[in-house]
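Topology and contacts: notes
Below, each chain spelled out in residue letters.
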Amino acid sequence: MNDSGSHSNKKDHILHMLLSSTSWRTKLISGLVVSYFILLGGYITSSWLFSISTLIIVLVAPGFLCLAHTDYDPALKIILIPVISLLLATLTSFIFPIAEITGLSNSPLHTGLILVALGLPLGVGVSVAVIKDEPPQIPKIPSYSLYALVPILLGALGASIQTYTGSVWQNYLIIVILCAYFVVFYYRTGSDLESIFYIYGIALGILFSRVLVSPYVIGADIQLSTHVIEEMMRTGSWEPWRGGHRSLPSITVVPILLQSISNIPIDYVLKIVYSGLFALTPVGIYILGRMRLDRTDSFAAAGIFIVYLTFFRVVPGKQHISQLFLVTLLIIWCSNEDSTQNNILVLLLASGVILSHYGVSFILIGNLFGSYILAHLLFHRDIGFSFISIFSVSTVGWYLYGAGGGKVAGVVTAILSSIQSVLVSGSQSRTGASVASSSTYLMKQLNLLLFIILLLLIGIGILFILYNLFQRQSVFSLRFDLLSIGFWGLVCVSMFMSGHLGIDRALDISLLVLAPVALFGYRTLLDQAPRNTIQVGKVVPIAFVVILFLFTSGIAYEASPRPASSAVNLHEDPNSIVYSHSDYSAAKWLFENKGQNSMIYADQYSQYIFIRIDGTHLSYMTPLSWKGASWIKQPSGSSYVFIRNSAVSSKSPPGVIQSKVSQSTFSMYESTYSKVYSSNEANVFINSTEHDT
């Protein structure tokens, strides 16, 4: 009787498990079907509810389903989920050139293939969850995440007020509040999960405070990316073999897919959605730092990256998204845990780096091979030759054959031209040396001093890492330590050679690894100090972050005679690569009405608006002055002069210096040439008695 009862209970238990398993699988597949209908609704209708829902489905659901069964730390999953979702959308976008090559459609981006491309990642996620036979558990959102919303809302509010009213006083207050948030969250950190919520909130708040001050994208490279995106939207075709930005689907094709199913204007997809993605990068730096540092030092390391000017100066573009993929790749690869799961993830993330930015990809190749050689010499260890080889071959193969081949030659040419320039003239622009020599007034010298301190701390950290490596010991992890030496080498080379990268971008890319190294260097020094200074020393990292932010945000420069032109949220009419409706209207009018052989003269910043309109082949565009020259080119023949009011400065000397047109020169244009177009913020003059349009 007992055996029979036991056997019956066992059968009931198995039946219960099967029914339970069937239940969650049914719910999962039902959810997949509902998600497809939501994507369809977003594709054919315009509704804010569909906009939010479709973005969550595309940028969260696939990654969540793929990672639900894994044992990764919850803090790591916060960054992995949207990154994997973005990566899957990037990879499935190759369905469009395949459809075009096979003759399925001449304009696949105008067809329902968009729903297929976005539906495939969902199918992959559901398949992974079903195969693993584990029902995905939706985590609870912690209450402290609400604190992270405050800086995000503040940054967006301040920029929005400026956009619609022109007022900027609130942005001064918001920057001060954001500084206070740095300090409060620095001391409040109770867990890694809590820390990354705070880091993300501050990062996105600072990004929003800049990128939302205009209804259009802000920055130089992003103008060309947006031009390519809009051209692809018009033609419905993606042709990666044409090279350039077209070979980077993560920042050209994926925005089109997101725009198609959310009906959010493409500028705001880039300004809001891509800012939201890029703000995860300092979260990755925090996680990297935690391999060695405590929570507060890791928080400060992430803070250094956030307050570095290139983080928030422009709308996130190709380099920024590649940095997001790279920092996630480094977290997995530098853990030294070569499981099958990690190896697959590393290869996938590496493809994201390749398909986002050629410069970061080739820099990583150099660092990986350098790290491999050092590991072999010092430890006689293989740190991953298979991965390094696959990544290198894939990068060169993509940019040599799949993307037109121009980028590979461009890298070689940039390196050779930099070497030649240094050997011939002994100097180059955009190097560390040129930046130091141009720091001629107090505020710029103080700013330079802060970066010298940062570089010294990094150098000290590298010295201790080298010392430990020669002792056959690692500091963070062997792979991380070796890579940090390579990135430090990149920064050192950029002191004297730009290679079309510049010290600003070289440091920006390298800080992914070197920001934690700087804190390690500082902590190592502090450990040697007397005990009574250690407590005071704990305040220094966050104080350094706040002071640096006061300079990079532009507030410190407001106290000097030369305000920072990059501080677009502190000036009512900023003279930078930020444009208004009136600016675009004037530029479009001029482009559409100019004569076929007419030239357009414009200042440095105003030229980029025509890249958004017409791409890079601006044979008709001539600068009003050469960079750094205080003389002006006199328009000749049938030509136009395009000047924004923001470029006119009453404090500038006569002529045109870079992006500034003196008031006397502007008055000369008004009295000498005919004004054929004028708006509230832009003017077009013609050097001809007759219009040739």
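Use the structure listed above.
Rules used throughout
Note on numbering: residues in each chain are counted from 1, in written sequence order. Only residues with pLDDT of at least 70 get local features here, since the model is predicted, and only at 80 or more are side-chain atom pairs given and counted; chain-wide, interface and lining totals rely on the full set of residues. With hydrogens and water set aside, each side-chain value is computed from the structure's full complement of heavy atoms. Every angle, taken between N-to-C directions, lies between 0 and 180 degrees, and every axis is a line fitted to C-alpha atoms, over only the stretch in contact when it is a helix. Each helix is a run of H or I in the DSSP string that is no shorter than four residues. Each strand is a run of E no shorter than two, and both are numbered from the N terminus. The labels follow the angle: roughly parallel below 35 degrees, roughly antiparallel above 145, roughly perpendicular from 65 to 115, and oblique for the rest. The hand of a helix crossing depends on one turn: near helix anticlockwise from the far one by less than a right angle means left-handed, and clockwise means right-handed. Note on contacts: a residue pair is in contact if any heavy atoms of the two residues lie within 4.5 Å. The nonpolar class holds Ala, Val, Leu, Ile, Met, Phe, Trp, Tyr, Cys and Pro. Asp, Glu, Lys and Arg form the charged class, and all remaining residues, Gly among them, are polar. For two strands to count as paired, DSSP must find a minimum of two bridges between them. Within 6.5 Å between ring centres, the rings of Phe, Tyr and Trp (the latter by its six-membered ring) count as paired, and their orientation is classed by plane angle as stacked under 30 degrees, edge-to-face over 60, tilted in between. Look at NZ for Lys and CZ for Arg. If either is within 6 Å of the ring centre and within 35 degrees of the ring normal, a charge sits over the ring. One fewer than the residue count of a helix, multiplied by 1.5 Å, yields its expected span. Only protein chains enter the calculation, and the probe is 1.4 Å; a residue is then buried if its accessible area is under 20% of its type maximum, exposed if over 50%, and partly exposed in between. Here, nonpolar core refers to any group of buried Ala, Val, Leu, Ile, Met, Phe, Trp, Tyr and Cys residues whose side-chain atoms link them within 4.5 Å. Salt bridges are identified by distance alone: a Lys or Arg side-chain nitrogen within 4 Å of an Asp or Glu carboxyl oxygen. Pairs of N or O atoms are called polar contacts if they sit within 3.5 Å, as long as, within protein, a hydrogen donor faces a hydrogen acceptor (for residues adjacent in sequence, only side-chain-to-side-chain pairs).

For the pair helix α16 (residues 318-333) and helix α17 (residues 340-354), interaxial distance at closest approach is 8 Å and the crossing angle is 160 degrees. Judged by the angle between their axes, α16 and α17 are roughly antiparallel. Considering only the axes of α16 and α17, their crossing is left-handed. Across the interface between the two elements, Ser322, Phe325, Leu326, Thr328, Leu329, Ile332 and Trp333 of α16 pack against Asn342, Leu345, Val346, Leu349, Ala350, Gly352 and Val353 of α17. Of the residues assigned to the contact of α16 with α17, the class counts are ten nonpolar, four polar and no charged.

Once that is clear, we can look at the sheet that holds strand β1 (residues 599-602). With respect to topology, five strands assemble into an open sheet ordered β2-β1-β3-β8-β7, the strand pairing being mixed. In this open sheet, the two edge strands, each paired with only one partner strand, are β2 (621-623) and β7 (674-678). Ignoring which end each strand starts from, the neighbouring axes of this sheet average 25 degrees apart. Note that strand β3 (residues 639-644) and strand β8 (residues 682-686) share five bridges and pair antiparallel. Directly across from tyrosine 640, in β8, lies its bridge partner isoleucine 686. Across the sheet, helix α27 (residues 581-593) lies against β1, β3, β7 and β8, angled at about 175 degrees from β3, the strand it touches most.

Below, the discussion takes up the environment of tyrosine 441. Among the secondary structure elements, tyrosine 441 is positioned in the loop between α21 (432-437) and α22 (442-470). When the C-alpha atoms of tyrosine 441 and arginine 562 are compared, they prove to be 9.0 Å apart, with 121 residues separating the residues in sequence. Leave out the neighbours within four places in its chain, and tyrosine 441 touches Tyr557, Ser560 and Arg562.

Here the structure, examined in full by the defined rule, presents 31 aromatic pairs. Taken together, the aromatic side chains of Tyr144, Tyr181, Phe185, Phe197 and Tyr198 make up a single cluster linked through ring pairs. In this structure, lysine 271 is placed above the aromatic ring of tyrosine 268, and the distance from its NZ or CZ to the ring centre is 5.4 Å. A cation over a ring is seen here: lysine 594 above tyrosine 620, with NZ or CZ 4.3 Å from the ring centre.

Compared with the 21 Å implied by 1.5 Å per residue over 15 residues, the 21 Å span of α17 between its first and last C-alpha is a close match. Of all the residues in α17, the buried ones are Asn342, Leu345, Val346, Leu349, Ala350, Ser351, Gly352, Val353 and Ile354.

The backbone of asparagine 263 shows a phi angle near 60 degrees, a positive value even though the residue is not glycine. Looking at the element boundaries, asparagine 263 is found in the loop between α11 (249-262) and α12 (266-278). Backbone geometry at arginine 472 places phi at a positive 65 degrees, although glycine is not the residue there. Mapping arginine 472 onto the fold places it in the loop between α22 and α23 (478-493).

We now examine helix α8 (residues 169-188). The terminal C-alpha atoms of α8, which comprises 20 residues, lie 29 Å apart, in line with the 28 Å expected from a rise of 1.5 Å per residue. Turning to α8, its buried residues number three or more, namely Gln170, Asn171, Ile174, Ile175, Leu178, Cys179, Tyr181, Phe182, Phe185 and Tyr186. Looking at the buried side of α8, the elements it contacts are α7 (145-165), α9 (192-211), α14 (295-307) and α26 (540-552).

The next thing to look at is the nonpolar core. Membership of the largest hydrophobic core comes to 216 residues, with the highest contact counts inside it found for Phe182, Tyr274, Ile458 and Phe642. No other element matches the 15 residues that helix α24 (residues 502-527) contributes to this core. Those residues in contact with isoleucine 458, other than ones at most four positions away along the chain, are Trp488, Leu511, Leu514, Val517 and Ala518. Listed in part, the eleven residues of the second largest apolar core include Tyr601, Val648, Phe666 and Tyr669.

Our focus in this paragraph is the pattern of salt bridges. What the rule picks out here adds up to 14 salt bridges. Between arginine 313 and aspartate 504 there is a salt bridge; the shortest N-O distance is 3.8 Å. In this pair, arginine 313 is assigned in the loop between α15 (309-312) and α16 and aspartate 504 in helix α24, connecting sequence segments 191 residues apart. When its relative accessible area of 32% is taken as the criterion, arginine 313 is described as partly exposed. We classify aspartate 504 as partly exposed; its relative accessible area is 21%. Here glutamate 670 makes a salt bridge to lysine 675, at a shortest N to O gap of 3.3 Å. Through salt bridges that share partners, Glu231, Glu239, Arg242 and Arg246 make up one connected network.

Okay, the side chain of threonine 70 next. Secondary-structure assignment places threonine 70 in the loop between α3 (61-67) and α4 (74-92). On the basis of relative accessible area, threonine 70 is assigned to the buried category, the value being 10%. Within the local environment of threonine 70, its side chain forms a polar contact with the backbone oxygen of leucine 67, the two atoms lying 2.6 Å apart. What threonine 70 contacts, discounting residues up to four positions off in sequence, is Lys77 and Gln341.

Bear in mind that shape data such as this cannot, by itself, settle questions of function.
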